[in-house]
Structure formats: structure tokens, C-alpha cells
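Here is how the chains run, residue by residue.
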There are 4 protein chains.
Amino acid sequence: MQITSRQAQVAMQGAEATARELGLAVIIAVVDGSTHLKAFHRMDGAVLGSIDIATRKAVTAALFQCNSEDVWEYCKPGASAPSLELTNGGLAPYGGGIALKWIDDTFVGALGVSGGTIEQDTQIARAAYSAFRALMS
Amino acid sequence: MQITSRQAQVAMQGAEATARELGLAVIIAVVDGSTHLKAFHRMDGAVLGSIDIATRKAVTAALFQCNSEDVWEYCKPGASAPSLELTNGGLAPYGGGIALKWIDDTFVGALGVSGGTIEQDTQIARAAYSAFRALMS
Amino acid sequence: MQITSRQAQVAMQGAEATARELGLAVIIAVVDGSTHLKAFHRMDGAVLGSIDIATRKAVTAALFQCNSEDVWEYCKPGASAPSLELTNGGLAPYGGGIALKWIDDTFVGALGVSGGTIEQDTQIARAAYSAFRALMS
Amino acid sequence: MQITSRQAQVAMQGAEATARELGLAVIIAVVDGSTHLKAFHRMDGAVLGSIDIATRKAVTAALFQCNSEDVWEYCKPGASAPSLELTNGGLAPYGGGIALKWIDDTFVGALGVSGGTIEQDTQIARAAYSAFRALMS
């Protein structure tokens, strides 16, 4: 099962609403469960460097079916897989990428946010996830 | 001057409405005037091969500030720049990419469509352009 | 729905049996419906150049959910999308890549063969497909 | 002397049997002594991120004719070759890649495993090696 346009749209709207509340211009990328781009939006004023970062966070989350920052547990100093972040064309092992799980926790895709601090990007990604999950009810 | 989110959104909606009328699932990519991705949508059911093609058409149109098929005049057999299509990471010198020009014909970005025949993709891109230009009035 | 290991294994065995009958050493690549590698085998004696060709044929078939040679109709001289073969990192628009469709013609993946002539590679890919489809009964 | 299909197959079967005992879905890549892919299998359910990791572990082991984690001794903090892991397109200097040596310790190829913890991947790779070496008797 792969993410639908409707699910992607609602998740992106949830992200953008929170970004606006925070006064931020961010970039949001949504990929399907096989890392292929499904939807993308760069808010007016977002820096160009965040295009790749948002996409890479989404891809990182999709590749391992977890949140992007969870990958850091494996490659941080002293952990078991040093330089794991060099695989798959370069991972983004920090906050802002989130795995999207649907009914029965079926993994359907991932979303990445970049444009604020890592804490802000993470907050925005969580808001996107809440909006996405609200579609289930 | 660069394309705004509002302009990109309206252009994409124009494209999608026409794609639906034609019974097609297409991919639409919008880039700004400097070829950086602004917005992207893969309609449910579109083939994965069209992700790169739609994006490449938009980039081709942005790189030369013309429609993607116009580039073919320079690289077709017997023309003056054979293999021009190999530049810039690979051009897409066929229909479906369109330069977006605003008031006073100021170039602000480009849009690419892939998923139908070249004729259909071109028709959808033109519909996107009409929707985009209608914002001016 | 994505291809299973069992399906991939049976398809590859079908390919290898036919390659042996033809006295050929070939390479067989199987990808899932989203172009990610599922299984791969290089028969003893196959040339190294065929590693990329077999994989690219499988990816080409997966990207467009058709046989690899069908893509040539769009990019051959005089056709509507010249240099389409430059997209997606380089396509392989010639025989030997085959889309794998399961019950109800659901697309589940693709297989690519390289090592013989294009006619031989195509024959071997078809034998793989027959073996794969025979699993259905 | 390069690894044969028979040797690769037996090594992969040894890896898969152990992965199943551990209840894991892993990816196994086998390369020849010159780093070219010989055989590959993604077990049903393995995450997509492990495709590149398994392959990279095998390539790392083949490039230096040692186990992948041995490379870490050269690039770990304070060691003599900082950033060595950035060479060769990115190394995987952690467990799960193993050099395959045949009679008289002749190096013939390498195998990489990814999908479990580093300890599990290493255990599975060792089981593959044992199965491979058992062919000698």
C-alpha cells in the first residue's frame, strides 16, 4: 500500500499551517514507501539549501521506516555503524523526517521538513503526521 | 522575480483538471526561474518513470526560457548543435515543458508534465499556463 | 503488491535454464515494482558490461510497466520524444527487460537479462516470464 | 581466481538459514574479487535502506581483502587515516562484510549482510563464510 495524493496533501497542509504559526518558510517533501517523490512544496522565502535536506529527511525515514533522527543512534560517535550516514547517497540522521503509518501501522510513505531549527522542523513534521492520522477517523 | 506558491498552485490545479478530463494520471513539476524545484505532484497511478521526465521538462524550459520542444530545433538531425541534449545533465527536448511568463512577459519559472502522450502532456501544460495567466486579471 | 523472493527465484531459474540451453552465460536482475533490486545473478563467464545492462533493462521495464523495447517507440528517430532514453539515469530501450504481472495483471516487478544477442536476451526473459506465471496455477 | 555461482549460492544459503533462525529479513550481496556484483538477494520484508548497505559492506571487504569492520582501525578517531571512509564512493567500516578466501587463502570475493543489528549482520556473514568454506571439503 502506497500513500495517496489525498493523504500527502493533508499531511503537507498540516505542516504548512504549523510553519505559518511559527512564522517560518519551510520546504516539505513527501515520498512513497519506496522513496519515490509523491509531493513537494517550497514555501515562499525558504532557502534553497532546504530542498535537498527536506527530501533527504523524507528518503531517510522511508529507507528505514523510522524517523530520520533515529538513524543517528546507529552512526553517532561510539555507535556500532560509524559513517552509516554515507550510504544510500547520503542520509539525514537528524529531526524533521517522519515515517507515515496508516491503519494497522502499515508503512505507506514518509515526509521531510526543512527550513527551521531541527526542533522546529521536528515539530512541524509531527503536526503533519497528526493531520495525516486524523484522516483515519 | 520568482514564481510564488500561489502561482505554482494555480498552474498545477489547471494541469490536474485537464489531466482528469483526459482520464490521465500525470506528474507535474514546477521549478523557479533558476531551475530549483518549487512544487511537485504525482497523481495516484502515474508511472514512476514520469517523475524524472516531468522534472526534466520543467528544467529544460527554465534553462532556456522557452518551451521544452523548442530546444529540439537546435539539436535535431542536421541542426547546428548536435548532442545539445546531452548538456545540463540531459535535456528533454520534447513537448510538455512550458516557460511561465508573468506581466510584461517576465520569466518567473517553468512547469513540466509527463504521463500521457507528448501531445497530451503538451495540452495539459498549456492548460496549466492558461490557469496561471488567468491569475493576472 | 510487490514481487516475492519465491517469484523472483522461479523467474531467475526459468531464465537460467533457457540460457544454458542456448549455451550462454547471462546476467539476470529482478527489481520490484518501484525499481529496487530484489535478486541478481551473474552466471559464470558472463561479461562485466552486462551487469549494468541487465539491471537497466529491468529498471526500464519497471519505470514504465512495459517491456524495455517498447520504450523505443517513443524515442526512435522521428518519434515524439527524442532522447527520452537520457531520462532516469539512462534507459535501456531494447529487448531483454520484461514487466512481471501477477493475477489480474497486477504489476509486481520486472526482470532484465543481458549476455546474448538482443534476440536471445528477449527469448530468455520470456522464458523467465513463463516460469513466473506458471506459479499462478 | 574469481568466485563461482556455486560458491556464491552456498554462501547466500548459509546466510539466509541463519537469518531465518534469528527471525530476521536481511539483504545479502556477493561481489567478486574485483568488486563487481555476482549475486544478490533481498529477503521478503527487508528494509530498502539495506540494499545499499549490504552491497557497500561487500565492496568494502573486497576493496581491502579484509572484513569490513577492519577498515575502521584506519579511520576511527585518532587513527592514521581520518576520512578514509570517504574514499571509493563511501566505505562501510562496520561489521557484516566478509572477505571470501578459498584454498590456500586465495581471495575470491566478498559478501555483505544488512538488515539486523551490526552484531547480527556479523553473525550471519560468518555463517555464510562457514557454509562457503565447507564446500572445500
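Since the model is a prediction, treat every value here as computed from it, not as a measurement. All residue numbers here refer to positions counted from 1 along the written sequence of the relevant chain. Chains and ligands are labelled by the order in which they are written, letters from A for the one and numbers from 1 for the other. With the structure being a predicted model, the display of local features is reserved for residues of pLDDT at least 70 and the display and counting of side-chain atom pairs for 80 or more, all residues being used for whole-chain, interface and lining totals. Water and hydrogen atoms were dropped before computing side-chain values, which therefore reflect all heavy atoms in the structure.

### A look at the relation of the copies chain A and chain B
Definition in use: Least-squares fitting of one copy onto the other uses the C-alpha atoms of those residues that reach a pLDDT of at least 70 in both copies. Between two residues, a contact is recorded if the distance between any of their heavy atoms is within 4.5 Å.
For the pair chain A and chain B, the relating rotation is 180°, the translation along its axis is 0.0 Å, and the fit reaches an RMSD of 0.1 Å. A rotation of that kind, with that shift, is consistent with a two-fold axis. Minimal C-alpha distance to the rotation axis in chain A is attained by A:Phe40, lying at 2.4 Å. In this assembly the copies share their binding face: 100% of the residues contributing to the interface of chain A also contribute to that of chain B.

### Examining the side chain of D:Glu85
Stated formally: Here a helix means four or more residues in a row that DSSP labels H or I, a strand means two or more in a row labelled E, and each is numbered from the N terminus. Buried residues are those whose accessible area, probed at 1.4 Å on protein chains only, stays under 20% of the maximum for their type, while exposed residues exceed 50% and partly exposed ones sit between those limits. For the charge count, each Lys or Arg is scored as positive and each Asp or Glu as negative, with His and the chain ends excluded. One side-chain nitrogen of Lys or Arg within 4 Å of one carboxyl oxygen of Asp or Glu is enough to make a salt bridge.
With respect to the element layout, D:Glu85 can be found in the loop between helix 3 (72-75) and strand 3 (97-101). With no salt bridge to any partner, buried D:Glu85 finds its closest opposite charge in D:Arg56, at an N-O distance of 12 Å. The contacts of D:Glu85, once residues within four sequence positions are left out, are A:Ser83, A:Leu86, D:Cys75, D:Gly90, D:Leu91 and D:Pro93.

### A look at the relation of the copies chain D and chain A
Each copy of the sequence occupies a distinct position, and chain D is placed on chain A by a rotation of 93° and an axial shift of 0.4 Å, giving an RMSD of 0.1 Å. Both copies of the chain, as the preceding transformation shows, are related through a four-fold rotation axis. Among all residues of chain D, the minimum C-alpha distance to the rotation axis is found for D:Leu86, at 5.4 Å. The overlap is low: 7% of the interface residues of chain D also sit at the interface in chain A, so different surfaces are used on the two sides.

### Remarks on the sheet that holds strand 1 (residues 27-32) of chain A
Formally: Only when DSSP finds a minimum of two bridges between them are two strands counted as paired. Angles run from 0 to 180 degrees between N-to-C directions of axes, and those axes are lines fitted to C-alpha atoms, restricted for helices to the stretch in contact.
An order of 3(A)-4(A)-1(A)-2(A)-2(B)-1(B)-4(B)-3(B) is seen for the 8 strands of this open sheet, with the pairing classed as antiparallel. Taken across any chain shown, the strands that pair with only one partner, and hence form the sheet edges, are strand 3 (97-101) of chain A together with strand 3 (97-101) of chain B. Taken over all neighbouring pairs, the strand axes of this sheet differ in orientation by 20° on average, direction set aside. Where strand 1 of chain A lies against strand 2 (residues 37-42) of chain A, 5 bridges are found, and the strand directions are antiparallel. Note that in strand 2 of chain A the partner of A:Val31 across the bridge is A:Leu37. In the packing of helix 2 (residues 49-64) of chain B onto the sheet, the strands contacted are strand 2 of chain A together with strand 1 (27-32), strand 2 (37-42), strand 3 and strand 4 (107-114) of chain B, and the crossing angle to strand 4 of chain B comes to about 150°.

### Some points on helix 4 (residues 118-134) of chain D
Residue and element names in this part refer to chain D. Quick reminder of the rule: A helix is expected to reach a length of 1.5 Å times the quantity of its residues less one. The arc under discussion is defined with respect to the helix axis, by the directions toward the C-beta atoms.
Over its 17 residues, helix 4 runs 24 Å from end to end, which matches the ideal 24 Å to within 8%, given 1.5 Å per residue. All buried positions along helix 4 are accounted for by Ile118, Asp121, Thr122, Ile124, Ala125, Ala128 and Phe132. Viewed end-on, helix 4 has its buried residues packed into an arc of 165°, placing them on one side of the element. Turned more than 90 degrees from where helix 4 packs its buried face, Glu119 and Arg126 sit exposed.

### Things to note about the interface of chain A and chain B
As a reminder, the rule being used: Once two parts are joined, some of their accessible surface, as seen by a 1.4 Å probe, is lost; buried area is that loss totalled over both. Whenever a nitrogen or oxygen atom comes within 3.5 Å of another N or O atom, the pair is scored as a polar contact, on the condition that within protein one atom can donate a hydrogen and the other can accept it, and that pairs from neighbouring residues in sequence are kept only if both atoms are in side chains. As a working rule, the residues Ala, Val, Leu, Ile, Met, Phe, Trp, Tyr, Cys and Pro are called nonpolar, Asp, Glu, Lys and Arg charged, and the rest polar, with Gly in that last group.
Counting residues at the interface gives 15 residues for chain A, matched by 15 residues for chain B. Overall, the association of chain A and chain B removes approximately 1300 Å² of surface from exposure, summing both partners, and the carbon and sulfur fraction of that is 46%. Contact with chain B buries area across many residues of chain A, yet A:Leu37, A:Lys38 and A:Arg42 alone supply 38% of it, more than any other trio. Where chain A meets chain B, there are 4 salt bridges. At the boundary of chain A with chain B, the tally comes to 17 residue pairs in polar contact (both at pLDDT 80 or more). Per element, the largest residue contribution to the side of chain A that touches chain B is 6 residues, and it comes from strand 2 of chain A. In terms of residue class, the side of chain A that touches chain B is made up of 7 nonpolar, 4 polar and 4 charged. The pairing of strand 2 of chain A with strand 2 of chain B spans 3 bridges and is antiparallel.

### Focus on the confidence of the model for chain A
Heads up, the condition is: pLDDT is a residue-level measure of predictor confidence that goes from 0 to 100.
Predicted confidence across chain A gives a mean pLDDT of 97, with 100% of residues reaching 70 or more. Interface scoring of the predicted complex returns ipTM 0.96; its pTM is 0.97.

### Topic: the interface of chain D and chain A
Chain D puts 14 residues into the contact, and the matching count from chain A is 13 residues. Interface of chain D and chain A: buried area, both sides summed, is about 1200 Å²; carbon and sulfur atoms make up 70% of it. Considering only the surface of chain D that becomes buried against chain A, D:Val47, D:Leu48 and D:Tyr94 emerge as the three largest contributors, covering 38% of it. Summed over the shared surface of chain D and chain A, the number is 0 salt bridges. Counting across the chain D and chain A interface gives 3 residue pairs in polar contact (both at pLDDT 80 or more). Secondary structure elements with two or more residues in the side of chain D that touches chain A: helix 2 (49-64) and helix 4 of chain D.

### What about the pattern of salt bridges?
This structure, assessed with the given rule, holds 28 salt bridges over all chains. For the salt bridge of B:Asp52 with B:Arg56, the shortest nitrogen-to-oxygen distance reads 2.9 Å. Taken together, the positions of B:Asp52 and B:Arg56, both in helix 2 and 4 residues apart, correspond to about one turn of that helix. With its nearest N and O atoms 2.6 Å apart, the salt bridge here joins C:Asp44 to D:Lys38. A residue pair is termed interchain when its members come from two chains, as with C:Asp44 in the loop between strand 2 (37-42) and helix 2 (49-64) and D:Lys38 in strand 2 (residues 37-42).

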